[in-house]
Amino acid sequence: MPRHKQELVFARRLNMTIYTKLFSCVILLIFGALFYFLVWTQPSPCGSQMLNCSNDETEFDGYDRNSQYISLPNGRRIAVDVLRPTKSRELVKGPMPVLFTQTVYNRAAHLVKDYKVQNSTLIDTSGIKWLVLKLSGLFVGGEYIADQTMMVPWTKKLIQDGYIVVAADAAGTGASFGNPHRSVDGYVEDANLMMDWIIAQPWSNGRIGVYGQSFGAYTAYTALATHHRALKAAFVASVPLHPYETVGYPNGLYAKGFAENYIALTDDLDNLATVTNDEDAHELLTKAIANRSKERFSDQIADIFRSSPNKEMPSKKYSLSWAELSAEPIIERAANSNVPVFVIGGWLDMFINDTIEAHNLNKAPSRLVLRPWPHHPLFQPFADMDPAADAQLW
């Protein structure tokens, strides 16, 4: 082939390559926009059925995520995310109120790692979401982390209205060191010490609200049980007070369907664990997971579900009991905390009776909202309620 024709073919191929890359970028941007608006956000409806309406205007326009380890006086090393508001990409200074949660389901989820979408039972990463996550990972160097503003989207609105969110991996879960607690008292102790740490920070104004759903509501009640002087409000949903009766052995029968699904859900949590901003963060995360390899949260769950058919009977491997892990030992203390509690439940939720009981036991002002839903994530605004508006007004 003559040289000028070779050059022409090469030029055409080069143009095709450029056009292909441009087209790919456009497609990625479209998918990214769809993912953001359809998956992670939803317009806040404000109709006649809405309990409280959220104001679309916010004081701040973004947030900064700082992830770090804190050492508690009891020797535990806990991974926390601190999400603070920003304006024009500048960190907003000055003390602010804090929203605090202690979770066993990871303070943040590492959904894309080394360009690979992670398998997850907790967070659906299949189908179109898998494709969008895969494409999104290409934009951010092969890594994609969902923090609290994506896992609990209504928190983003509150951050931009002047709140700080502190999310902690409970001991023995996520990137935190140690083994998971074997009784409810461990969660109470850590909650108290973490709130001490929060109010000692220069960005805290000394006022804390706790939030959480399901197990997160359980840990919120452990915070209420501390009677901590800084704790001013709680916003919870699907409160599990009596797990033996509700999800373990209701009416004395093993709830195998729920148990096996929950064991599977918790089994892949370590795959989603997220590093901190520490210099040796990857090494620390690897060490934290290795240290608990013989007693993970999912191992505890499997042990108590499969080998403890009696409420007081110790489990076979770790000597756990439903009675000690439940909220029953601390529910009276929590109810007498004098902290107002906003409680949300669903008529079809397996924790419906526990949720109503938690509301009725509260001695401080409490509001109960029941919706026609199952054990549903309090994720986005619904036709009749916006969790961001309700949490902020509470």
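A quick note: this is a predicted structure, and the numbers were derived from the prediction, not measured.

Moving on: the overall build of the protein chain. Along its length, the protein chain carries 14 helices and twelve strands. Counting all 394 residues of the protein chain, 54% fall into the buried class. The long-range fraction of contacts in the protein chain, counting pairs at least 24 apart against all pairs at least 6 apart in sequence, stands at 75%.

What follows covers the packing of helix 5 (residues 184-199) against helix 6 (residues 215-224). Interhelical geometry of helix 5 versus helix 6 gives an angle of 65° and a closest axis separation of 8 Å. Taken together, the axes of helix 5 and helix 6 are roughly perpendicular relative to one another. Seen along the crossing, helix 5 lies across helix 6 with a hand that is right-handed. Residues V184, Y187, V188, A191 and M195 of helix 5 form the contact with helix 6, whose own contacting residues are F215, Y218, T219, T222 and A223. In terms of residue class, the contact of helix 5 with helix 6 is built from eight nonpolar, two polar and no charged.

Here we take up empty space enclosed by the protein. Going through the model one piece at a time under the given rule, you end up with two cavities of 30 Å³ or more. Considering only enclosed or pocket space, the largest cavity measures out at about 70 Å³ in volume. Taken together, V104, G172, T173, G174, T266, D267, L269, D270, R292, R296, F297 and S298 make up the lining of the largest cavity. Of all elements in the fold, only helix 8 (256-267) and helix 10 (297-307) reach the threshold of two or more residues within the lining of the largest cavity. Considered class by class, the residues forming the lining of the largest cavity number three nonpolar, five polar and four charged.

On to the sheet that holds strand 6 (residues 116-117). Taken in spatial order, the three strands make up an open sheet running 6-5-7, and their pairing is antiparallel. Both outer strands of the open sheet, strand 6 and strand 7 (144-146), are each paired with one neighbouring strand and no more.

Before going further, it helps to examine helix 10. One turn of the α-helix equals 3.6 residues, which is why residues spaced by three or four share an orientation. Burial within helix 10 is extensive, with ten of its eleven residues counted as buried. Each element contacted by the buried residues of helix 10 is listed here: helix 5, helix 6, helix 7 (243-248), helix 8 and helix 11 (322-325).

Right, let's talk about the packing of aromatic side chains for a bit. Under the counting rule described, the total for this entry stands at 17 aromatic pairs. Ring centres 5.7 Å apart and planes at 25° place the aromatic pair Y244 and Y249 in the stacked group. Of the residues examined, Y244 reaches a relative accessible area of 14% and is grouped as buried. We classify Y249 as buried; its relative accessible area is 7%. Directly above the ring of W373 sits R371, whose terminal nitrogen or CZ lies 5.1 Å from the centroid.

Turning our eyes to something else, we now look at the pairing of strand 12 (residues 366-371). Relative to strand 12, strand 11 (residues 341-346) runs parallel, the two sharing six bridges. Its bridge partner lying in strand 12, G345 is registered against L370.

Phi at H227 is positive, roughly 55°, even though this residue is not glycine. Mapped onto the secondary structure, H227 falls in the loop between helix 6 and strand 10 (231-237). Take H227: its relative accessible area is 41%, and that puts it in the partly exposed class. Look at N338: it is not a glycine, yet its phi comes out positive at around 65°. Relative to the helices and strands, N338 is located in the loop between helix 12 (331-335) and strand 11. You can call N338 exposed: its relative accessible area is 63%.

About the thresholds
- Residues numbered from 1 in each chain as written.
- Predicted model: local features only at pLDDT ≥ 70, side-chain atom pairs only at ≥ 80, totals over all residues.
- Heavy atoms only, no water.
- Helix = DSSP H or I, 4+ residues; strand = E, 2+ residues; numbered from the N terminus.
- Buried < 20%, exposed > 50% of the residue type's maximum accessible area, 1.4 Å probe, protein only.
- Contact = heavy atoms within 4.5 Å.
- Axes fitted to C-alpha atoms, helices over the stretch in contact; angles between N-to-C directions.
- Parallel < 35°, antiparallel > 145°, perpendicular 65-115°, else oblique.
- Left-handed = near helix turned anticlockwise from the far one by under 90°.
- Nonpolar A, V, L, I, M, F, W, Y, C, P; charged D, E, K, R; others polar.
- 1 Å grid on protein atoms, 1.4 Å probe; cavity = no way out; pocket = protein on both sides within 12 Å on 5 of 7 lines; lining within 4 Å.
- Points joined across faces, edges and corners; volume = space filled by probe spheres on them.
- Pairing = 2+ DSSP bridges.
- Phe/Tyr/Trp six-rings, centres within 6.5 Å; stacked < 30°, edge-to-face > 60°.
- Lys NZ or Arg CZ within 6 Å of the ring centre and 35° of its normal.

Distances and angles like these do not, on their own, reveal function.
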